[in-house]
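The chain contents come next:
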Amino acid sequence: MYLTREEEHMFNGEYGEGLAKCMRLLVVLGELFEAKKMVKVKSCHVSGVSYKNIGEPGLELLKGFAEENVRVRVKTTLNPSGMDRKRWKKTGLDKDFAKKQSEVLKAFKRMGVSLSCSCIPYLIGNKPKFGDYVAWAESSATVYANSVLGAKTNRESGLSALASAVTGRTPYYGYLLEENRKPNVRVKVKFKPSNQLEISALGYFVGKNFPEKVPFFSGLGLVSKDWLKVLGAGLASAGAIALYHVENLTPEAKFFSEDNLKDIEKFEVGLGEVKQTIQDLSEAYERCEAVFLGCPHYSLSQLREVAAFLRGKKVKPKARLWIFTSRLIYEKAKKLGYVRLVEKAGGLVLCDTCMVVSPLERLGLEVVYTDSCKAAHYLPSTNRLKVKLENTLECLRRITV
Ligand code: F3S
């Protein structure tokens, strides 16, 4: 693999051992995928933030980097951590976990990483431009960056994204190459999704059937950015999908004419398959004691919808309604009065964390209701929780009086 003079200096440890480790990791990764060179990245997004997931070995690694003065060279944001930094006590977490999680965040901060703690970096200041090379971890963010923004990233791990942040480089392979961005399955959508859950399940169903492909959707119409976020999260959680195109909507779709698409595999999805997907991911359960929304983190407009529904309503006694978002969006929602409406109804808007990476299994819940197939995919294994999928408004109806 070709390295520039500066990259060689990094590799040989001339800028310190910490940076050398990061460069060597990227070289190994690049050689594994037969990359011929490195390219400079405009930004990074790092996952592996929750102490629940990385534990003591992860914390020690990060502390080691911070102590060795390893610093990031490009704008770098963080995925959700294991707790809301300000209101962790309200979510039943113990002091020991909070202390360890704070140490993780402190180490990232010392490295120059922004403590954004959200999976929607593109809505809170880390928004690459069309064609930019970036190194993003977190599958729902990666697929959004590639598909909706037209930036170029592979599905990085937390560690490879951090190594790119520190070196400012990523190996040139995979979705960074034009030839790998071409669609190779055409998905004809035979129904008009009527809510966010249906879009999420459409993504999940296609991701499950074509886990390694680049789908080209037609017949979907002009859906909102919020729905594209949800579609991508579904695709990326059921499969390894990192890029999709939507006819007349996503920025690279226009590069593929009917002629380009005529020889690729064709697939049709109707409402029946989507409803079946929702049913397959759902528990048959009627009692509703917890609704968790915000996987991926909710945007301001999604919070507005929830707040509007909750006006004049109350969350049932002893039930929980938690909505997860980024701190920046929380602050905006607070100014606009949405947070007050949620809290007046007895719900909580939580930041810095999410339902999957926070140790919610400690709450003693049996089943949670949510509107996200990604959450339904992970919660049973990560948090030993059963999931019932309902669309957003139905979830809210179930939990309120
Ligand atoms: Fe985001 Fe957590 Fe879901 S990181 S996409 S809210 S699993």
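Further up the page is the structure itself.
Small disclaimer: the values here were computed from a predicted structure and weren't measured.

(A) Spotlight on the environment of Lys40. Positionally, Lys40 belongs in strand 1 (residues 38-40). Sequence separation of Lys40 and Asp132 is 92 residues, and the distance between their C-alpha atoms is 9.4 Å. Excluding anything up to four places from it in sequence, Lys40 contacts Tyr133, Gly168 and Arg169.

(B) Spotlight on the site of the ligand. As a matter of local geometry, the ligand sits amid Asn79, Pro80, Cys119, Glu138, Ser140, Gly294, Cys295, Pro296, Cys354, Val356 and Lys374. The greatest single-element share of the shell around the ligand, amounting to three residues, is contributed by strand 11 (residues 290-298).

(C) Quick look at the nonpolar core. In this structure, Leu202, Phe217, Leu231 and Phe292 are the most contacted members of the largest nonpolar core, which totals 91 residues. Ranked by residues supplied to this core, first place goes to helix 7 (residues 196-209) with seven residues. With sequence-adjacent residues up to four places away left out, Phe292 is seen in contact with Trp322, Phe324, Met355, Leu360, Leu363, Leu365, Val368, Tyr369 and Thr370. Counting residues in each nonpolar core, the second largest holds 42 residues, with Leu19, Leu62, Val113 and Ala137 among its members.

(D) Highlighting the sheet that holds strand 5 (residues 155-156). Across the sheet, which stays open at both edges, the four strands sit in the order 3-2-4-5 with parallel pairing between neighbours. In the strand order of this sheet, the two ends are held by strand 3 (75-78) and strand 5, each with one partner. Where strand 2 (residues 43-46) lies against strand 4 (residues 134-137), three bridges are found, and the strand directions are parallel. Residue pairing across strands places Cys44 opposite Ala135, the latter belonging to strand 4. Strands strand 2, strand 4 and strand 5 of the sheet are contacted by helix 5 (residues 139-149), whose axis makes an angle of about 145° with strand 4.

(E) Structural detail: the pattern of salt bridges. For the structure on display, the rule yields 31 salt bridges. Between Glu6 and Arg73 there is a salt bridge; the shortest N-O distance is 3.3 Å. You can see Glu6 sitting in helix 1 (residues 5-11) and its partner Arg73 sitting in the loop between helix 3 (51-67) and strand 3, a full 67 residues away along the chain. Note on Glu6: relative accessible area 30%, which makes it partly exposed. For Arg73, a relative accessible area of 39% gives the class partly exposed. Here Arg87 and Asp84 are joined by a salt bridge, their closest N and O atoms 2.9 Å apart. Look at Asp84 and you get buried, because its relative accessible area is 1%. Overlapping salt bridges bring together Asp84, Arg85, Arg87, Arg327, Glu343 and Asp352 as one network.

(F) Broad picture of the pairing of strand 14 (residues 367-370). On strand 14, burial covers both faces: Val367 and Tyr369 on one face and Val368 and Thr370 on the other are all buried. As paired elements, strand 14 and strand 15 (residues 386-389) share four bridges and run parallel to each other. Considered in strand 15, the bridge of Val368 is made with Val387. In this view, the connection linking strand 14 to its parallel neighbour strand 15 by way of helix 14 (residues 373-382) has right-handed handedness.

(G) Up close: the state of the cysteines. Considering all chains together, one arrives at zero disulfides under this definition. Here Cys22 is not cross-linked by a disulfide; its sulfur's nearest cysteine counterpart is in Cys44, at 11 Å. Among the cysteines around Cys288, which has no disulfide bond, Cys395 carries the closest sulfur, lying 7.0 Å off.

(H) Local environment of a positive patch on the surface. Together, Arg311, Lys314, Arg340 and Lys344 line one region of the surface with positive charge. By the secondary structure assignment, Lys314 is in the loop between helix 11 (300-310) and strand 12 (320-325).

(I) Fine view of the packing of aromatic side chains. For the coordinates displayed, the defined rule picks out ten aromatic pairs. Relative to Phe267, the ring of Phe210 lies with its centre 4.7 Å away and its plane at 85°, an arrangement referred to as edge-to-face. One end of the pair, Phe210, is in the loop between helix 7 and strand 8 (215-218); the other, Phe267, is in strand 10 (residues 265-269), and 57 residues separate them in sequence. Between Phe292 and Trp322 the ring centres are 5.2 Å apart and the planes differ by 15°, which places this aromatic pair in the stacked class. Here Trp322 lies in strand 12 and Phe292 lies in strand 11, a separation of 30 residues in the sequence. Just as Phe292 is buried, Trp322 falls in that class too. Feature note: the residues Phe205, Phe210 and Phe267 constitute an aromatic cluster, connected by ring pairs. For Lys313, the ring lying beneath its charged end belongs to Phe309, and the centroid distance is 4.3 Å.

The rules behind the values
Residues numbered from 1 in each chain as written. Predicted model: local features only at pLDDT ≥ 70, side-chain atom pairs only at ≥ 80, totals over all residues. Heavy atoms only, no water. Helix = DSSP H or I, 4+ residues; strand = E, 2+ residues; numbered from the N terminus. Contact = heavy atoms within 4.5 Å. Near = heavy atom within 4 Å. Core = buried A, V, L, I, M, F, W, Y, C linked by side-chain atoms within 4.5 Å. Buried < 20%, exposed > 50% of the residue type's maximum accessible area, 1.4 Å probe, protein only. Pairing = 2+ DSSP bridges. Axes fitted to C-alpha atoms, helices over the stretch in contact; angles between N-to-C directions. Salt bridge = Lys/Arg side-chain N within 4 Å of Asp/Glu carboxyl O. Right-handed = clockwise from strand over helix to strand, strands pointing away. Disulfide = S-S within 2.5 Å. Patch = residues over 30% accessible without salt bridge, like charges linked within 9 Å, V, L, I, M, F, W, Y side chains within 5 Å. Areas by Shrake-Rupley, 256 points an atom, 1.4 Å probe, with all protein chains shown as cover. Lys, Arg positive; Asp, Glu negative; His and termini not counted. Charge placed at Lys NZ, Arg CZ, Asp CG, Glu CD. Phe/Tyr/Trp six-rings, centres within 6.5 Å; stacked < 30°, edge-to-face > 60°. Lys NZ or Arg CZ within 6 Å of the ring centre and 35° of its normal.

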